[in-house]
Amino acid sequence: MTAPRSTTKLAVVGAGAVGATLAFTALARGSARTVALLDVNRAKVEAEVLDLQHGGMFVPQAEVLGSDDVEVCRGADVVVVTAGAKQRPGQSRLDLAEATISLTREILPGLVEAAPDAVFLMVTNPVDVVTYAAQQISGLPPERVFGSGTVLDSSRLRAALAQHCGVATANVHAYIAGEHGDSEIALWSSARIAGVPLLDWEALPGRPPLDDDARRSIARDVVESAYRVIAGKGATNYAVGLAATRIVEAVLNDEHRVMPVSTRIEDFHGIRDVCLSLPTLVDSRGATTVVDTPLSEQEVAGLRSSAASVRSVQQRFGL
């Protein structure tokens, strides 16, 4: 591991529901010594900064900055891009692609100039297509530009499995892979519950079996959960803010943590030239190495289908 940074700066682009929540979460967890917010709405970003500063005595010491000028991001170690078109009820993540890719083309060159050594984390949807576009636009090594991918989806999966099986979430190790969206798949064949292969799990007394029907229901609920949150409150922000902050910490602290982030896939079971989520090593260099996770034939087919879905959108926008 590399030596810990003596000072750390996190820049968050977009002071909407996700960006503001991410900034709050990073401050509450003491993730970075400086947290900078950038947003085109000057009054909004200044108000968010004031609100965050007013709680400074209750969190680890940190400096909070905010502006509508990209200079506020100067020298950042990690830049998280949350700015993008807002997903409306009934709208798929892929429907957001055109507006968000256009915005990414507009803002990313200035961010790279201000923070040329930073690791860039894309959080805005559709994250896989936007990450692919950001890699092309930035010209940076692909490991330094990656997406939040299915880190949140995997958290949702683990929470649902833990509740179903009657164990703590920390005892569940399972990943969602592929597109962060409707074609994502659960990697059942490599999942474990308290060290037991998930497919061999025997239900605890008084708990329902984890059979094919239960697994299908859980996977469907994971895919649909974001739509339920958006329908009820207009946006997802708390869980995605926590997930993104955890990714940021893996970079800033050089944790060498395996996370299902969205990275460029070049040769994985015949899948290439597309950004998808697979268990990947995340450290101070960014998202570096895809772990060669064992997959069933059905899971390989699901990943290929997911890749085809994302690639079709990339091609639609000339990526």
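My aim in this report is to walk through the structure given alongside it, one point at a time. Treat the numbers as computed from the prediction; the structure is a model and nothing was measured.

Comments concerning the sheet that holds strand S10 (residues 192–193)
Read from one edge to the other, the open sheet built from three strands follows the order S7-S10-S11, with strand pairing classed as antiparallel. The open sheet has two edge strands, strand S7 (172–173) and strand S11 (196–197), and neither has a second partner. Sheet topology note: the S10/S11 ladder contains two bridges and is antiparallel. Note on S11: the bridge partner recorded for isoleucine 193 is valine 196.

Here's the deal with the pattern of salt bridges
Pairs may arise between side chains of opposite charge once their charged atoms sit close together. Within the structure shown, the criterion is met by 14 salt bridges. Residue glutamate 255 pairs with arginine 246 through a salt bridge whose shortest N-O separation is 3.0 Å. Given the relative accessible area of 22%, arginine 246 is considered partly exposed. Taking the shortest distance from any N to any O, the salt bridge between arginine 257 and glutamate 255 comes out at 2.8 Å. Put simply, Arg29, Arg246, Glu249, Glu255 and Arg257 are held in one network by salt bridges that share partners.

Observations regarding the packing of aromatic side chains
Throughout the structure, instances matching the rule amount to zero aromatic pairs. A cation over an aromatic ring shows up here: arginine 158 above the ring of tyrosine 175, its NZ or CZ 5.1 Å from the ring centre.

Focus: helix H4 (residues 127–138)
Here H4 is 12 residues long and its end C-alpha atoms lie 16 Å apart, about the 16 Å a rise of 1.5 Å per residue gives. Of all 12 residues in H4, 10 are buried, a share of seventy percent or more. Within the span of H4, buried status applies to Val127, Asp128, Val129, Val130, Thr131, Tyr132, Ala133, Ala134, Gln135 and Ser138.

With respect to the environment of leucine 161
Counting through the fold element by element, leucine 161 comes out in helix H5 (residues 151–165). Expressed as a C-alpha distance, the spacing of leucine 161 and methionine 122, which sit 39 residues apart in the sequence, is 27 Å. Residue contacts for leucine 161: discarding those within four places in its chain leaves Val172, Ala174, Trp188, Leu198, Leu210 and Ile218.

Some thoughts on unusual backbone geometry
Keep in mind that most residues, glycine aside, have a negative phi and that most peptide bonds are trans. Omega for the peptide link from asparagine 125 to proline 126 comes to -5°, which places this bond in the cis form. Of note, proline 126 is situated in the loop between strand S5 (119–122) and H4. The phi dihedral of alanine 194 is positive, around 50°, even though this residue is not glycine. Mapped onto the elements, alanine 194 comes out in the loop between S10 and S11.

Looking at the sheet that holds strand S15 (residues 280–283)
One open sheet holds the three strands; their spatial order is S12-S15-S16, and the pairing between them is antiparallel. Among the strands making up the open sheet, the edge pair consists of strand S12 (257–259) and strand S16 (286–290). When the angles between neighbouring strand axes are averaged without regard to direction, this sheet yields 40°. Bridge count for S15 against S16 is three bridges, and the pairing is antiparallel. Within the sheet, the bridge partner assigned to threonine 280 lies in S16 and is valine 290.

Reading the values: the criteria
- Residues numbered from 1 in each chain as written.
- Predicted model: local features only at pLDDT ≥ 70, side-chain atom pairs only at ≥ 80, totals over all residues.
- Heavy atoms only, no water.
- Pairing = 2+ DSSP bridges.
- Helix = DSSP H or I, 4+ residues; strand = E, 2+ residues; numbered from the N terminus.
- Salt bridge = Lys/Arg side-chain N within 4 Å of Asp/Glu carboxyl O.
- Buried < 20%, exposed > 50% of the residue type's maximum accessible area, 1.4 Å probe, protein only.
- Phe/Tyr/Trp six-rings, centres within 6.5 Å; stacked < 30°, edge-to-face > 60°.
- Lys NZ or Arg CZ within 6 Å of the ring centre and 35° of its normal.
- Expected span 1.5 Å × (residues − 1).
- Contact = heavy atoms within 4.5 Å.
- Axes fitted to C-alpha atoms, helices over the stretch in contact; angles between N-to-C directions.

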